[in-house]
Amino acid sequence: MIKYIIVDDEHIAHDIIKDYCDLLPTMELQKHCYDAIEALEYLNKYQVDLIFLDLNMPKLKGFEFLKTLVSPPKVIVITAYKEFALEGYELNIVDYLLKPFGFERFLKAVNKVIGTSQKTKIQNIPKNNTENTNSIFLRSNKKYIQVTLDAIQFIEAAGNYTKIVTTDTTVTIREKISDVLLLLPENDFLQVHKSFAVTKRHISSIEGNRILIEDHSIPIGKMYKMNIDKLLN
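Bear in mind that the values here come from a model prediction, so they are computed numbers and not experimental data. (Residues numbered from 1 in each chain as written. Predicted model: local features only at pLDDT ≥ 70, side-chain atom pairs only at ≥ 80, totals over all residues. Heavy atoms only, no water.)

Enquirer: In this structure, what is going on with the packing of aromatic side chains? I would like to understand it.
Expert: The way to describe two aromatic rings as a pair is by their centre distance and the angle between their planes. Tallied over the full model, the rule gives 10 aromatic pairs. Ring centres of Y4 and F52 lie 5.5 Å apart, and the angle between their planes is 85 degrees; on these two criteria the pair is classed as edge-to-face. Here Y4, found in strand 1 (residues 2-7), pairs with F52, found in strand 3 (residues 50-53); they are 48 residues apart in sequence, far enough to count as distant. The same class applies to Y4 as to F52, namely buried. A connected cluster of aromatic rings, assembled from ring pairs, spans Y4, Y20, F52, F101, F103, F106 and Y144. (Phe/Tyr/Trp six-rings, centres within 6.5 Å; stacked < 30°, edge-to-face > 60°. Helix = DSSP H or I, 4+ residues; strand = E, 2+ residues; numbered from the N terminus. Buried < 20%, exposed > 50% of the residue type's maximum accessible area, 1.4 Å probe, protein only.)

Encoded structure:
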């Protein structure tokens, strides 16, 4: 579960964020905070994984609040002011959502949080407990599908779409393969062609310029042979 708080002085923003989070079973609200002082008091007692943070608040502005935190959790900024984006990324903001935003854009930001969390914690996740913790949500045919990362065998670019092939299904989403790779733990996934990336654990064998994963034959591009050499060494 991703434990989160909302820090925003607008009640409607709290309602929108919570409604979106309620659609995702991995999100667990800890507290509504209506200014940064209230958030500071809460964080002095409890730990969270994610803050949805407004910037223009009374008493203490959003970025000033962040600078007071010694070990801040992941942060998604929610604001109407795009001119502060550069400063936000200097503070390691995961994503920067401009109001108003829809659920699809919101979901992309949350998936980034899931992806960055997995990059630092994936080695500590017990293999028998990945069903609920090691997954991302993907939009396909107007619905959102939760895909367990351990089940992904490879991904394939198809124009403006990407196919995610798992052990039991194929999910097609309207995203570039480069954007999908940003959501995946880089230690587990290996790009082997401009149109293909594979999961290392699912590789059955490597034969010449082909990778075999069960009944699938994945080509190895000339520009990506170095990745295979590193894997074999």
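Enquirer: In this structure, what is going on with the pattern of salt bridges? I would like to understand it.
Expert: Here the structure, examined in full by the defined rule, presents 12 salt bridges. The salt bridge involving R105 is made with D95; its shortest N-O contact spans 2.8 Å. Taken as a pair, R105 in helix 5 (residues 103-121) and D95 in strand 5 (residues 95-98) lie far apart in primary sequence, 10 residues in all. Residue classification places D95 among the buried residues on the basis of a relative accessible area of 1%. Connected via shared salt-bridge partners are D8, E10, D54 and K99. (Salt bridge = Lys/Arg side-chain N within 4 Å of Asp/Glu carboxyl O.)

Enquirer: Just checking my understanding: could you explain the side chain of H14 for this structure?
Expert: With respect to the helices and strands, the residue H14 is situated in helix 1 (residues 11-22). Since its relative accessible area comes to 1%, H14 is described here as buried. Setting aside chain neighbours within four positions, we find H14 in contact with I6, D8, H32, C33 and Y34. (Contact = heavy atoms within 4.5 Å.)

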